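Commentary on secondary and tertiary structure
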There are 10 protein chains.
Amino acid sequence: MEFLVRMTITAPGDSADVAALRAAEAERAAELARSGTLLRLWRIPGDRANWGLWRADDATALHEALTSLPLWPHARFEVHALASHPNDPG
Amino acid sequence: MEFLVRMTITAPGDSADVAALRAAEAERAAELARSGTLLRLWRIPGDRANWGLWRADDATALHEALTSLPLWPHARFEVHALASHPNDPG
Amino acid sequence: MEFLVRMTITAPGDSADVAALRAAEAERAAELARSGTLLRLWRIPGDRANWGLWRADDATALHEALTSLPLWPHARFEVHALASHPNDPG
Amino acid sequence: MEFLVRMTITAPGDSADVAALRAAEAERAAELARSGTLLRLWRIPGDRANWGLWRADDATALHEALTSLPLWPHARFEVHALASHPNDPG
Amino acid sequence: MEFLVRMTITAPGDSADVAALRAAEAERAAELARSGTLLRLWRIPGDRANWGLWRADDATALHEALTSLPLWPHARFEVHALASHPNDPG
Amino acid sequence: MEFLVRMTITAPGDSADVAALRAAEAERAAELARSGTLLRLWRIPGDRANWGLWRADDATALHEALTSLPLWPHARFEVHALASHPNDPG
Amino acid sequence: MEFLVRMTITAPGDSADVAALRAAEAERAAELARSGTLLRLWRIPGDRANWGLWRADDATALHEALTSLPLWPHARFEVHALASHPNDPG
Amino acid sequence: MEFLVRMTITAPGDSADVAALRAAEAERAAELARSGTLLRLWRIPGDRANWGLWRADDATALHEALTSLPLWPHARFEVHALASHPNDPG
Amino acid sequence: MEFLVRMTITAPGDSADVAALRAAEAERAAELARSGTLLRLWRIPGDRANWGLWRADDATALHEALTSLPLWPHARFEVHALASHPNDPG
Amino acid sequence: MEFLVRMTITAPGDSADVAALRAAEAERAAELARSGTLLRLWRIPGDRANWGLWRADDATALHEALTSLPLWPHARFEVHALASHPNDPG
């Protein structure tokens, strides 16, 4: 099952800690991409936020993936459950 | 450039005309998929609406693609311009 | 997977047709209850709307259950995907 | 009388105190489940929030149950009073 | 249990039918006042709407009272469940 | 002239100071009740907020009554001016 | 007591009837100005709407003034009760 | 050109500094009244906010007047540009 | 003085009349451009709406320009008054 | 491709640091104007915010321009992608 997820970073964006946090976030995102959980990720222009396309067995598995992100304590998430569409080219 | 587009159908959903319209829509969606304009399409559960992932040179080209849909006169669109993200697995 | 669904009736509520529609709705709701798809249903006081607790394999299966309701063409739905909680008594 | 309640945690989620608080919360939730006050509880995916199904004599009794939660000072609640529905399978 | 209810009239306000409807509404409001169900009623200035203070055993009984109003098919209702307050002079 | 007022407490709810503040608030509420200014008061279940029914000569007099509350610096108010309704039982 | 009132015209704006209606509206506005009820009136640019400054004994008297407007059945009103300010130059 | 301006005070309202600030605000308001820039000012009941009627050559001149207020750093403003209305009694 | 104006077309977009209307609209837009009133105009992608940059002496003159558009009876407008900025390159 | 961007300053506006920041912002804005990226800039009256007209190859290039602003860590941005309109005088 796929989910569209809007992630908004709420932590301030300038300290050294944040650089470490972002490196850890990139590493975890790569792991989630390798396991087929994180399919796509886009920046929202002008915002400290992104849209992601995720795949998980159900909402419980998605929640576990999102809480595994190093930025989880510094972010808010908006989750859209997706159903399959007959015209989907994907 | 990619765009996330939420399309909401506003026409009533039960007449014979609508069946013809939906067939024409499926055909046009397939064309837009072949040209690499429509990348993904999902139903929003419980809604007469969908999320689509689109690719176009710019907002003008996207507008032309959306207005080429047979359902254009019977739909509303919400367009989110996307920027590339360094962690995108896509 | 469970879903919380708010259903709002948009059709006018007084003609004879509506009585037939409501009887068909009750029958279909009973079928969905027997198959374990519709678990609970409550009226929202003062509103032509209800909250329902639904179970389905995923968002696609939920969408099929909702579109099988006789009132589907006369209703709007708002779907909340649910994850399991360690403190759930259920 | 049943109520649907959306509870949003507003306290930061990482200190040791919070672990103690969550243990106390689980214990109080179990008590409220045993007394038939808390019927169901679900996580909202991607959110520090949950949906709960509660039973209480009236709004005053519900308010007392909610304020008895250890997380009460660190949470916001949105209460939906429920009426019975003839098609309820529950 | 008391409820604060905002009622918005959605029917057009000028025909002869409406005069009959309003007379029936006044009569039913008087009955509900006599039974202790409708306690107070105020016009919202500049609006075809009112605030009412209602008393009912629970949300199901309130819903029955509201649907008994002749204006029910031509109105929308917003219901606020009330809990008792220690400082209430009433 | 009567007013419906929603009061939301914005101060944190746990220190000793707050207990003193609440005692002072109860005393002032009793005075305003005796003078016929505060007519009714209800808790909003699950919220640090209340609905009150107030009577004052005009909006200026109401503002003076609200600012005389000890909780005034720690609260937000939403004021609804009320007009008389011919069906009011009160 | 003064009120700030936003009036939005909801009727279509082009038929001959509307011209007659607008003439009647201008006449009634002049009467309300002479009686000191309507103090000021401004167009909201780009909108079929206006802001007005009104004076009335209370919300009931204001409601009567607003319902006396010929455009009443074709308009929506948003009423802001005003309190006096010590810095008011007026 | 006239403007309707809603000003919301965002600073806390109890320290000695605030008393000095309010005195300076009253003085500056009187100057702006004498120059014909500030025409009327009303308290919004129950709120730390006011509605003002202002006159300025254009939006740039209005912005300069608003930023000249001592409370400018502690306030938010919502500006409504006004057009003349043929029925204005003013 | 400049204004940013969002114009939303509310008329259905497919009949022959609309073609005539759009031709008249293009002609009037050209006139307003020649007089320096309409400075820029953009389509909002996926919407029957546009953003325009307008110049007028004040809100009254802007309102006259907007109501001179052939699409005026079939459109809604949202007007943002603009002040000059020291960093404006224009 | 052009974009309409609403920028809201979220930092407090009174310290010496802010003066240095604003000077740096003016310098960077001038550079972006020279490169044809920032086309126009307006103050929103009564607000610590501005509307800007920007040109960039796509949303990714726009995001880079916005994050190059010295005020980026102290601002929020709302981006509107623009499509070309046949009636644009620009």
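Look above for the structure.
Here we summarise the structure given alongside this text. (Residues numbered from 1 in each chain as written. Chains lettered and ligands numbered in written order. Predicted model: local features only at pLDDT ≥ 70, side-chain atom pairs only at ≥ 80, totals over all residues. Heavy atoms only, no water.)

Moving on to the overall build of chain A. Counting its regular elements, chain A contains 2 helices and 5 strands. N-terminal to C-terminal, the α/β element order of chain A is β-α-β-β-α-β-β. The dimensions of chain A, computed from C-alpha atoms along their principal axes, are 45 × 25 × 20 Å. Counting all 90 residues of chain A, 49% fall into the buried class. For chain A, the share of sequence-separated contacts (at least 6 apart) that also reach a separation of at least 24 residues comes to 68%. Carbon and sulfur atoms make up 48% of the accessible area of chain A, which amounts to about 3900 Å² in all. (Helix = DSSP H or I, 4+ residues; strand = E, 2+ residues; numbered from the N terminus. Buried < 20%, exposed > 50% of the residue type's maximum accessible area, 1.4 Å probe, protein only. Contact = heavy atoms within 4.5 Å. Areas by Shrake-Rupley, 256 points an atom, 1.4 Å probe, with all protein chains shown as cover.)

With that out of the way, let us pick up the arrangement of the chains. No interface is formed between chain C and chain G, the nearest pair of C-alpha atoms being 22 Å apart. With no contact formed, the shortest span from any C-alpha in chain E to any C-alpha in chain J equals 29 Å.

Here we take up helix 2 (residues 59-67) of chain J. Residue and element names in this part refer to chain J. Those residues of helix 2 that fall on the buried side of the exposure criterion are Ala 59, Leu 62, His 63, Ala 65 and Leu 66. Down the axis of helix 2, the buried side of the element spans an arc of 160°, and every buried residue falls inside it. A distance of 3.2 Å separates the backbone nitrogen of Thr 60 from a side-chain oxygen at the start of helix 2, and that oxygen is part of Asp 58. (Arc of directions from axis to C-beta. Polar contact = N/O pair within 3.5 Å; in protein donor to acceptor, adjacent residues only side chain to side chain.)

This next bit is on the sheet that holds strand 1 (residues 2-9) of chain F. Taken in spatial order, the 5 strands line up as 5(E)-2(F)-3(F)-1(F)-4(F) in an open sheet, and their pairing is antiparallel. The sheet is open, and its two borders are formed by strand 5 (83-84) of chain E together with strand 4 (75-81) of chain F, each paired with just one other strand. In terms of strand pairing, strand 5 of chain E meets strand 2 (residues 38-43) of chain F through 2 bridges, oriented antiparallel. Paired with Ser 84 of chain E across the bridge in strand 2 of chain F is Trp 42 of chain F. (Pairing = 2+ DSSP bridges.)

Here we take up the packing of aromatic side chains. In the structure shown here, the tally under the stated rule is 15 aromatic pairs over all chains. Plain terms: the ring middles of Trp 72 of chain I and Phe 77 of chain I are 5.4 Å apart, the flat faces sit at 20° to each other, and that makes the pair stacked. Between Arg 48 of chain I and the ring centre of Trp 72 of chain B, over which it is positioned, the NZ or CZ distance is 4.3 Å. (Phe/Tyr/Trp six-rings, centres within 6.5 Å; stacked < 30°, edge-to-face > 60°. Lys NZ or Arg CZ within 6 Å of the ring centre and 35° of its normal.)

Turning our attention to the interface of chain A and chain B. Interfaces are often sized by the amount of accessible area the parts lose when they come together. Contact residues are listed per partner, giving 27 residues for chain A and 27 residues for chain B. Together, the buried faces of chain A and chain B total about 2500 Å²; carbon and sulfur atoms form 65% of this surface. It is Trp 42, Arg 43 and Asn 87 of chain A that lose the most area in chain A upon contact with chain B, and together they represent 22% of the buried surface on that side. Joining chain A to chain B, the criterion identifies 4 salt bridges. In this structure, Asp 88 of chain A engages Arg 40 of chain B in a salt bridge whose closest nitrogen and oxygen atoms are separated by 3.0 Å. There are 10 residue pairs in polar contact (both at pLDDT 80 or more) connecting chain A and chain B. If you list the elements that add at least two residues to the side of chain A that touches chain B, you get strand 1 (2-9), helix 1 (16-34), strand 2 (38-43), strand 3 (49-55), strand 4 (75-81) and strand 5 (83-84) of chain A. Of the residues forming the side of chain A that touches chain B, the biggest block, 6 residues, is contributed by strand 2 of chain A. Here the residues of the side of chain A that touches chain B are counted per class, giving 16 nonpolar, 6 polar and 5 charged. (Buried area = accessible area lost by both parts, 1.4 Å probe. Salt bridge = Lys/Arg side-chain N within 4 Å of Asp/Glu carboxyl O. Nonpolar A, V, L, I, M, F, W, Y, C, P; charged D, E, K, R; others polar.)

The subject of this paragraph is the relation of the copies chain A and chain B. Between the two copies of the chain lies a relationship made up of a rotation around an axis and a movement along it. In the superposition of chain A on chain B (RMSD 0.0 Å, axial shift 0.0 Å), the rotation amounts to 180°. The transformation just described matches what one would write down for a two-fold rotation axis. Take the interface residues of chain A: 100% of them recur as interface residues in chain B, which is what a same-surface contact looks like. (Least-squares fit on C-alpha atoms with pLDDT ≥ 70 in both.)

In this complex, chain G contributes 9 residues to the contact, which on the side of chain F involves 8 residues. Here chain G and chain F share an interface that buries about 660 Å² over both sides, 74% of which is from carbon and sulfur atoms. Interface area lost by chain G to chain F is led by Met 1, Ala 59 and Thr 60 of chain G, which between them contribute 51%. If you look at where chain G meets chain F, you find 0 salt bridges. Across the contact surface, chain G and chain F share 2 residue pairs in polar contact (both at pLDDT 80 or more). Broken down by secondary-structure element, the contributors of at least two residues to the side of chain G that touches chain F are helix 2 (59-67) and strand 5 (83-84) of chain G. At 3 residues, helix 2 of chain G tops the list of elements feeding residues into the side of chain G that touches chain F. Along the lines of polarity and charge, the residues of the side of chain G that touches chain F split into 5 nonpolar, 3 polar and 1 charged.

On inspection of all chains with the given rule, the structure shows 42 salt bridges over all chains. Among the ionic pairs, Glu 31 of chain C bridges to Arg 28 of chain C, the shortest N-O distance being 2.6 Å. In this pair, Glu 31 of chain C and Arg 28 of chain C both sit in helix 1 (residues 16-34), 3 residues apart, roughly one turn of the helix. One continuous salt-bridge network, built from bridges that share partners, spans Glu 2, Arg 55 and Asp 88 of chain A together with Arg 40 of chain B.

This paragraph deals with the relation of the copies chain G and chain F. Once chain G has been moved 0.0 Å along the axis and rotated by 180°, it coincides with chain F to within an RMSD of 0.0 Å. Looking at chain G, 89% of its interface residues are interface residues in chain F too, so the copies touch through the same face.

Glancing now at the nonpolar core. If you look at the biggest cluster of nonpolar residues, it comprises 44 residues, and the most contacted ones within it are Phe 3, Trp 54 and Phe 77 of chain D together with Phe 3, Trp 54 and Phe 77 of chain E. If sequence neighbours within four positions are ignored, Phe 77 of chain D has contacts with Val 5, Arg 6, Met 7, Leu 66, Leu 69 and Trp 72 of chain D together with Gly 46 of chain F. (Core = buried A, V, L, I, M, F, W, Y, C linked by side-chain atoms within 4.5 Å.)

As for its position among the elements, His 85 of chain A is in the segment after strand 5. Judged by its relative accessible area of 15%, His 85 of chain A is buried. Side-chain polar atoms of His 85 of chain A contact the backbone nitrogen of Asn 87 of chain A, separated by 3.0 Å. What His 85 of chain A contacts, discounting residues up to four positions off in sequence, is Leu 41, Trp 42, Arg 43 and Asn 50 of chain B.

Residue and element names in this part refer to chain G. Most of strand 2 (residues 38-43) sits inside the fold, with 5 of its 6 residues counted as buried. Inspection of the sheet shows strand 2 paired to strand 3 (residues 49-55) by 5 bridges, in the antiparallel sense. From the neighbouring strand, Arg 40 faces strand 3, where its bridge partner is Leu 53. In this structure, the hairpin formed by strand 2 and strand 3 is closed by a connection of 5 residues, where Gly 46 is found at a positive phi of approximately 80°.

Next up on the list: the sheet that holds strand 4 (residues 75-81) of chain D. The antiparallel open sheet is built from 5 strands, whose spatial order is 5(C)-2(D)-3(D)-1(D)-4(D). Unpaired on one side and paired on the other, strand 5 (83-84) of chain C together with strand 4 of chain D mark the two borders of the sheet.

Residues and elements named next belong to chain D. Looking at the element boundaries, Gly 36 is found in the loop between helix 1 (16-34) and strand 2 (38-43). For Gly 36, a relative accessible area of 24% puts it in the partly exposed group. Taking C-alpha positions, Gly 36 is 19 Å from Pro 89, a pair spaced 53 residues apart along the chain.

Further remarks concern the side chain of Arg 6 of chain C. Residues and elements named next belong to chain C. With respect to the helices, strands and loops of the structure, Arg 6 is situated in strand 1 (residues 2-9). At a separation of 3.0 Å, a polar atom in the side chain of Arg 6 contacts the side chain of Thr 8. Within the structure, the side chain of Arg 6 is placed 3.3 Å from the side chain of Asp 47, a separation counted as a polar contact. Once you skip the residues sitting within four places of it in the chain, Arg 6 turns out to touch Ile 44, Asp 47, Ala 49, Asn 50, Trp 51, Arg 76, Phe 77 and Glu 78.

For the rest of this paragraph, the subject is the environment of Leu 71 of chain H. All names here are of chain H. Following the sequence through the fold, Leu 71 ends up in the loop between helix 2 (59-67) and strand 4 (75-81). For the pair Leu 71 and Ala 29, spaced 42 residues apart in the sequence, the C-alpha separation amounts to 11 Å. Beyond its immediate stretch of four places on either side in the chain, Leu 71 contacts Met 7, Ile 9, Leu 21 and Glu 25.

Glancing now at the environment of Leu 66 of chain G. By secondary structure assignment, the location of Leu 66 of chain G is in helix 2. Considered as a pair, Leu 66 of chain G and Ala 19 of chain G are 47 residues apart in the sequence and their alpha carbons are 20 Å apart. If near-sequence neighbours (up to four positions away) are discounted, Leu 66 of chain G is found in contact with Gly 46 of chain E together with Val 5, Trp 54, Trp 72, Phe 77 and Val 79 of chain G.

Take it as geometry only, folks, not as evidence of what the structure does.
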